[in-house]
Amino acid sequence: MKQRTLSIIKPDGVRKNLIGEVIKRFEQNGLTPIAMKMLHLTKAEAEGFYAVHKGKPFFESLTTFMSSGPIVVMILEGENAIDLNRTLMGATNPSEADEGTIRRQYADNIEQNIVHGSDAPETAATEIAYFFNALEVCPRP
Ligand code: IDP
Ligand code: MG
């Protein structure tokens, strides 16, 4: 089933000059970017995006990190895009991520783990709407 998911290259991924590397992996594995922008989130905007994690011990540090520098936000479209993206990303903790995944290869730790990907159709829809309006989405024919 053709799906859409939200992907973010986090501030550590941008700082490590991995924008091209990450997007290349998506394009070569059937995930097509159909919307994209670079942003520098405020702390409040990062808190809004990660509202589901409010109250967790890592929330303060996570939202400080996510507002620490520019990010690249994308909508990816493809067959089973949500799960496929999460497979390419690897587990949240890079030390538990499969060999060859983005996080295993590039992430420093469980917090600074290079990429975000939506985890279900409902969260994908909410996260896409957090960053993009209809005019900014460019589906391929
Ligand atoms: P996910 O990004 O793999 O979906 P989530 O559990 O949704 O993982 O957590 C969101 C983000 O919060 C993670 O990508 C990571 O940046 C951060 N995070 C998750 N768990 C921890 C933790 O135990 N310590 C520090 N940061 C964490
Ligand atoms: Mg998550």
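Up top is the structure these notes are about.
Rules used throughout
- Residues numbered from 1 in each chain as written.
- Chains lettered and ligands numbered in written order.
- Predicted model: local features only at pLDDT ≥ 70, side-chain atom pairs only at ≥ 80, totals over all residues.
- Heavy atoms only, no water.
- Helix = DSSP H or I, 4+ residues; strand = E, 2+ residues; numbered from the N terminus.
- Buried < 20%, exposed > 50% of the residue type's maximum accessible area, 1.4 Å probe, protein only.
- 1 Å grid on protein atoms, 1.4 Å probe; cavity = no way out; pocket = protein on both sides within 12 Å on 5 of 7 lines; lining within 4 Å.
- Points joined across faces, edges and corners; volume = space filled by probe spheres on them.
- Nonpolar A, V, L, I, M, F, W, Y, C, P; charged D, E, K, R; others polar.

S.K.: Hey, could you run me through unusual backbone geometry in this one?
M.R.: Leaving glycine out, the prevailing phi sign among residues is negative, and the prevailing peptide bond configuration is trans. Of note in this structure, Asn-80 is not a glycine but carries a positive phi near 50°. In this structure, Asn-80 sits in the loop between β3 (71–79) and α5 (81–89). The phi angle at Ile-114 is positive, at roughly 75°, despite the residue not being glycine. Position of Ile-114 among the secondary structure elements: in the loop between α6 (102–106) and β4 (115–117). Residue Ile-114 is classed as buried on the basis of its relative accessible area, which comes to 0%.

S.K.: For this particular structure, what's the right way to read the layout of surface pockets?
M.R.: Think of a ball as big as a water molecule: rolled over the atoms, this probe shows where empty space is left. Of the voids in this model, the largest pocket is the one considered here, and its volume is about 610 Å³. What lines the largest pocket is a set of 25 residues, and nearest its centre among them are Tyr-50, Val-52, His-53, Leu-62 and His-116. For the lining of the largest pocket, the secondary structure elements donating two or more residues are α3 (43–49), α5, β4 and α7 (121–131). A total of four residues in the lining of the largest pocket trace back to one element, the largest contributor, which is α7. Its residues assigned to classes, the lining of the largest pocket comprises ten nonpolar, nine polar and six charged.

Keep in mind that these numbers describe shape and distance, not what the molecule does.
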